[in-house]
Amino acid sequence: MPSSSLILFNKPYGVQSQFRDDSNNDHATLSPYFTDKSLRVAGRLDATSEGLLILTSDGRVNKAITQPPSAASFEKDKHKQGKTYLVQVEGIATPAQLQALSKGVHLKDGKTLPALAQIVTEADLPIDLWPRTPPIRERKNVPTSWLMLTIYEGKNRQVRRMTAHVGLPCLRLIRWSVAGFELGGLGVGEFVRIHLNDERCRQLGIGHTL
């Protein structure tokens, strides 16, 4: 695979973001989907999250996508790469909760960078939802709603911890976009190869293609 390309993959629920199974659980790995051993994951998703996973053999691309800006340089960083998630939560977000997510919340491993947070209806989601197996847990007297949340870093299980911190437990988590690359119409378990031109490389802050 050329070094100036990457793969967009719609990772199914229950699949680990790695090729080798070094755990003691029943989750599948990426091995059944890809045979190219030079591929590396650029920004992991935990097994219980779904959606866009980027894989590349280009270390520059990997670094550009996974290296977050520092808090001091956040506003001036022209190449900061956002990741947008569609988050189904328990409850209906209030303006105060959305503002807290946007400003950044204090987690055990530090305060999160400013984010973009908005509530959306299921009809306004940028994808057609697919059935999840197993389905989310639902409580009869507790409504659920969807958020669109864009973050610029990648703390462990960050989105789940952020929404839980403001009182909105996460029920389903789908990554929609990373660094301007979108899930689009990829079906579950499907992938597409993208070749990067010079303009796209400059947007990632990695200079020209090889």
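Now for a look at the structure at hand. (Residues numbered from 1 in each chain as written. Predicted model: local features only at pLDDT ≥ 70, side-chain atom pairs only at ≥ 80, totals over all residues. Heavy atoms only, no water.)

1. Overview of the side chain of Thr84
To keep things clear, this is the line we draw: Starting at the N terminus, helices and strands are each numbered in turn, a helix being any DSSP run of H or I of at least four residues and a strand any DSSP run of E of at least two. Only heavy atoms enter the contact rule, under which two residues are in contact if any of them lie within 4.5 Å.
Checked against the element boundaries, Thr84 lands in strand S4 (residues 83–90). If near-sequence neighbours (up to four positions away) are discounted, Thr84 is found in contact with Met148, Leu149, Thr150, Ile174, Arg175, Trp176 and Ser177.

2. Concerning the packing of aromatic side chains
For any pair of aromatic rings, geometry is given as the distance between the ring centres together with the angle between the planes. So the rule is basically this: Only Phe, Tyr and Trp rings take part, Trp by its six-membered ring, and two of them pair if their centres are within 6.5 Å. Stacked means planes under 30 degrees apart, edge-to-face means over 60, and tilted covers everything else. Each residue is placed in one exposure class: buried if its accessible area under a 1.4 Å probe, protein chains only, is under 20% of its type's maximum, exposed if it is over 50%, and partly exposed if it falls in between.
Counting across every chain of the model gives five aromatic pairs. Look at Phe19 and Phe34: their rings are 6.5 Å apart centre to centre, the planes differ by 70°, and that puts the pair in the edge-to-face class. Pair noted here: Phe19 is in the loop between strand S1 (5–11) and strand S2 (40–41) and Phe34 is in the loop between S1 and S2, with a separation of 15 residues, a long-range link. The exposure class of Phe19 is partly exposed, given its relative accessible area of 27%. With 4.8 Å between their ring centres and 50° between their planes, Phe34 and Phe191 make a pair best called tilted. With Phe34 in the loop between S1 and S2 and Phe191 in strand S11 (residues 191–195), this pair connects stretches of sequence that are 157 residues apart. Judged by its relative accessible area of 41%, Phe191 falls in the partly exposed class. Three or more aromatic residues joined by ring pairs form one cluster here, namely Phe9, Phe19, Tyr33, Phe34 and Phe191.

3. Notes on the environment of Thr133
Structurally, the position occupied by Thr133 is in the loop between strand S7 (116–120) and strand S8 (144–151). Taking the C-alpha atoms as reference points, Thr133 and Tyr13, 120 residues apart in sequence, are found 7.5 Å from one another.

4. Describing the nonpolar core
Which entries qualify depends on this criterion: Side-chain atoms within 4.5 Å are what join buried Ala, Val, Leu, Ile, Met, Phe, Trp, Tyr and Cys residues into a set we call a nonpolar core.
Core analysis: the biggest nonpolar cluster contains 28 residues, and Leu30, Leu55, Val87 and Leu147 have the highest contact counts within it. With near-sequence residues (within four places) excluded, Val87 lies in contact with Ser145, Trp146, Leu147, Leu149, Val159, Thr163, Cys170, Arg172 and Leu173. Formed by 26 residues, the second largest nonpolar core is a distinct cluster that contains Ile65, Leu125, Ile174 and Ala179.

5. Looking at the environment of Lys11
As a reminder, the rule being used: Under the rule applied, a polar contact is a pair of N or O atoms within 3.5 Å (in protein, one hydrogen donor and one hydrogen acceptor; residues adjacent in sequence only if both atoms are side-chain atoms).
Secondary-structure assignment places Lys11 in strand S1. Under the relative-accessibility criterion, Lys11 is labelled buried at 0%. For the pair Lys11 and Ser49, spaced 38 residues apart in sequence, the C-alpha separation works out to 8.2 Å. Separated by 3.4 Å, the side chain of Lys11 and the backbone oxygen of Asp46 make a polar contact.

6. Quick notes on helix H1 (residues 59–66)
Owing to its 3.6 residues per turn, the α-helix brings residues three or four apart onto one side. Selection criterion: Of all possible arcs, the one meant is that of the directions from the helix axis to the C-beta atoms.
Within H1, the full set of buried residues consists of Val61, Asn62, Ala64 and Ile65. Within H1, the buried residues cover an arc of 165° as seen down the axis, which keeps them to one side. Exposed side of H1, more than 90 degrees from the buried face: Gly59 and Lys63 are the residues found there.

7. What about the pattern of salt bridges?
Let me state the cut-off plainly: The working definition used for a salt bridge is a side-chain nitrogen of Lys or Arg within 4 Å of a carboxyl oxygen of Asp or Glu.
Overall, the coordinates contain six salt bridges when judged by the stated rule. The salt bridge involving Asp46 is made with Arg157; its shortest N-O contact spans 3.4 Å. Of this pair, Asp46 sits in the loop between S2 and strand S3 (50–56) while Arg157 sits in the loop between S8 and helix H3 (158–165), and the two are 111 residues apart along the sequence. What makes Asp46 partly exposed here is its relative accessible area of 22%. Of the charged contacts in the structure, one is a salt bridge between Asp58 and Arg60, with a shortest N-O distance of 2.8 Å. Put simply, Asp46, Arg157 and Arg160 are held in one network by salt bridges that share partners.

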